[in-house]
Amino acid sequence: MEPTRIALVGMGKIARDQHLPAIAGDAGFSLAATVSPHDRGIDGIPHLDSLDDLLANGPAVDAVALCTPPQVRYDLATLALKRGIHVFLEKPPGATLAEVDVLQERARKTGSTLFAAWHSRFAAGVAPARAWLADRHVSKVEIVWREDVRVWHPGQAWIWEPGGLGVFDPGINALSIATHILPRPFFLRSGTLELPANRAAPIAAQLLFCDAAGAPITMDLDWRQTGPQSWDITIETDAGTCKLTRGGSVLTLPSGTEHSEDREYAGLYARFATLIRTGRSDVDTGPLKLVADAFLRARRETAEAFVE
Ligand code: NAP
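Residues numbered from 1 in each chain as written. Predicted model: local features only at pLDDT ≥ 70, side-chain atom pairs only at ≥ 80, totals over all residues. Heavy atoms only, no water.

Undergrad: Teacher, can you tell me more about the domain arrangement of the protein chain here?
TA: By a widespread convention, an interface's size corresponds to the accessible area lost as its parts come together. Along its sequence, the protein chain is organised into domain 1 (4-116) and domain 2 (121-260 + 292-303). Computed over C-alpha atoms, the centres of domain 1 and domain 2 are 27 Å apart. Summed over both partners, the interface of domain 1 with domain 2 buries about 740 Å², with 64% contributed by carbon and sulfur atoms. The interface formed by domain 1 and domain 2 contains 1 salt bridge. Between Lys 91 and Asp 169 there is a salt bridge; the shortest N-O distance is 3.4 Å. (Domains from an automatic or database assignment. Buried area = accessible area lost by both parts, 1.4 Å probe. Salt bridge = Lys/Arg side-chain N within 4 Å of Asp/Glu carboxyl O.)

Undergrad: So what exactly am I meant to see when it comes to the environment of Asp 232 here?
TA: For Asp 232, the position within the fold is in strand β11 (residues 230-237). With 58 residues separating them along the chain, Asp 232 and Ala 174 place their C-alpha atoms 8.2 Å apart. Excluding anything up to four places from it in sequence, Asp 232 contacts Glu 142, Ile 143, Val 144, Trp 145, Leu 244, Thr 245 and Arg 246. (Helix = DSSP H or I, 4+ residues; strand = E, 2+ residues; numbered from the N terminus. Contact = heavy atoms within 4.5 Å.)

Undergrad: What am I meant to see in helix α7 (residues 168-181) here?
TA: Think of an α-helix as 3.6 residues a turn; residues three or four steps apart then line up on the same face. Counted at 1.5 Å a residue, the expected span for α7 with its 14 residues is 20 Å, and the 19 Å between its end C-alpha atoms agrees. Of all 14 residues that make up α7, 12 are buried, and the element is covered over most of its length. By the burial criterion, the buried members of α7 are Phe 168, Asp 169, Pro 170, Gly 171, Ile 172, Asn 173, Ala 174, Leu 175, Ser 176, Ile 177, Ala 178 and Ile 181. (Expected span 1.5 Å × (residues − 1). Buried < 20%, exposed > 50% of the residue type's maximum accessible area, 1.4 Å probe, protein only.)

Undergrad: Looking at this model, I keep getting lost on the site of the ligand. Mind explaining?
TA: Taken together, 24 residues form the shell around the ligand, and within it Ser 36, His 38, Arg 73, Gln 156 and Asp 169 come nearest. A distance of 2.8 Å separates an oxygen atom of the ligand from a polar side-chain atom of Ser 36. At 3.2 Å from an oxygen atom of the ligand is found a main-chain nitrogen or oxygen belonging to Asp 39. Taken by itself the ligand offers 890 Å² of open surface, and the protein chains cover 80% of this. When residues of the shell around the ligand are assigned to domains, at least three fall in each of domain 1 (4-116) and domain 2 (121-260 + 292-303). (Near = heavy atom within 4 Å. Polar contact = N/O pair within 3.5 Å; in protein donor to acceptor, adjacent residues only side chain to side chain. Areas by Shrake-Rupley, 256 points an atom, 1.4 Å probe, with all protein chains shown as cover.)

Undergrad: What exactly am I supposed to notice about the packing of aromatic side chains here?
TA: In this description, an aromatic ring pair is defined by two values, namely the gap between the centres and the angle between the planes. Scanning all chains against the criterion turns up 11 aromatic pairs. The interplanar angle of 20 degrees and the centroid separation of 6.0 Å between the aromatic rings of Phe 115 and Phe 272 together place this pair among those described as stacked. You can see Phe 115 sitting in strand β6 (residues 114-116) and its partner Phe 272 sitting in helix α8 (residues 264-277), a full 157 residues away along the chain. The pair formed by Phe 115 and Phe 272 is uniform in burial state, with each residue classed as buried. An aromatic cluster is defined as three or more aromatic residues linked by ring pairs; in this entry it consists of Phe 29, Phe 88, Phe 115, Tyr 269 and Phe 272. Its end group placed over the ring of Trp 132, Arg 136 keeps NZ or CZ at 4.1 Å from the ring centre. (Phe/Tyr/Trp six-rings, centres within 6.5 Å; stacked < 30°, edge-to-face > 60°. Lys NZ or Arg CZ within 6 Å of the ring centre and 35° of its normal.)

Undergrad: Mind showing me how you'd approach the UniProt feature "domain: Gfo/Idh/MocA-like oxidoreductase N-terminal" (unreviewed entry) in the protein chain here?
TA: What UniProt calls "domain: Gfo/Idh/MocA-like oxidoreductase N-terminal" (unreviewed entry) maps, in this numbering, to residues 5-115. Between the first and last C-alpha atoms of residues 5-115 the distance is 16 Å; the span itself is 39% helix and 22% strand. (UniProt positions renumbered as here; feature names shortened; annotations may be inferred.)

Undergrad: Before we go on, may I ask you to explain the nonpolar core in this structure?
TA: Burial of nonpolar side chains together is a common tendency in soluble globular proteins. Grouped together as the largest cluster of nonpolar side chains are 49 residues, with contacts concentrated most on Ile 143, Phe 168, Ile 181, Leu 207, Phe 209 and Ile 235. Here the element with the most residues in this core is α7; it accounts for 7 residues. When near neighbours in sequence (up to four residues on either side) are disregarded, Phe 209 contacts Leu 175, Phe 186, Phe 187, Leu 188, Arg 189, Ala 215, Pro 216, Ile 217, Met 219 and Leu 290. Core analysis: the next-biggest nonpolar cluster, separate from the first, contains 24 residues, Val 64, Ala 77, Ala 80 and Val 283 among them. (Core = buried A, V, L, I, M, F, W, Y, C linked by side-chain atoms within 4.5 Å.)

Undergrad: It is not clear to me how the pairing of strand β7 (residues 138-146) should be interpreted in this structure. Could you clarify?
TA: Along any regular strand the residues' side chains alternate between the sheet's two faces. The sheet contact formed by β7 and β11 spans 8 bridges and is antiparallel. When the sheet's bridge partners are listed, Val 141 is paired in β11 with Ile 235. When β7 meets strand β10 (residues 216-222), the two strands line up parallel, connected through 6 bridges. When the sheet's bridge partners are listed, Val 144 is paired in β10 with Asp 220. (Pairing = 2+ DSSP bridges.)

Undergrad: How should I be thinking about the sheet that holds strand β13 (residues 250-253) in this particular structure?
TA: Sheet strands pair by backbone hydrogen bonding; their relative direction is either parallel or antiparallel. A sheet is described by the order of its strands in space; here 9 strands give the open sequence β14-β13-β12-β11-β7-β10-β9-β8-β15, paired in mixed fashion. If you trace the sheet from one side to the other, it starts and ends with β14 (256-259) and β15 (299-303), each paired once. Looking at each pair of strands side by side, their axes are set apart by 10 degrees on average, direction ignored. Note that β11 and strand β12 (residues 240-245) share 5 bridges and pair antiparallel. (Axes fitted to C-alpha atoms, helices over the stretch in contact; angles between N-to-C directions.)

Below is the structure:
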């Protein structure tokens, strides 16, 4: 079978760090073009300034991976889907929930694949944690996602704008894991968002969720963490503690600790290939729904202005 010709749209940090190597390592895809307004692309691959230009002047593509900030993703996905091109959406799948619904409907009509990628779900410890938790009784969950925004998001103005999610940009990764591994659905009870006086998005959040059986789930997000970084989820159950650390790559169960090689983006592209081959889409807006609920339900407090 011929490889899927794919264009990478939005040549920023994640496109270069993860998408380029994942595509190069997957025989099911061939990189046909790159698209980005201010980037020069990579040697030997056609580069265009806009998706409009790519679609008008080629080269032909079967799929696009949208690695832009979420605020521009809907328009780009619409352009592609209208032409029957398969679309890989980086997380979060959009800037609003309703726009993602519209994309889903469009993909259904055109028969294209729409894939809302949640890379953290492909971290090594996540699938075994989900299997272990499937028939456990969960009594308490603690999510701690604290990192240094200056290290991980330098110069990313979009992340502080409406639709950029602020500290929920990494926090939604934790929610993508929690919604995938916990045996029961959960929802927000209360919370606090801390917004720097000079920014439109939160730098920290403390949230209290509860699952359908009443178990409390706390979430502590903070972008002001210097020194050791924390991307941890601790789940207390009737059979002991399940702990995912380092963003889901290390799993500790009562029987011991497992740590495997990082294959998140290889896993995402394998999944995208399967969806295309079988004519299906995969769009789970659950994690984005919980973030939207935080903006709807949590109290806002003003924090010290953030200067990068
Ligand atoms: P980034 O470094 O700011 O890169 C985004 C790129 O999108 C920019 O380089 C910009 O290109 C391009 N862009 C903006 N508008 C565009 C348009 N209309 N058409 C084509 N390209 C456009 O951001 P990032 O960190 O890669 O994050 C991008 C997305 O990936 C976010 O949703 C983020 O949550 C997700 N993600 C990021 C990471 C990470 O570790 N950084 C991990 C997983 C997922 P120009 O420079 O050419 O203007």
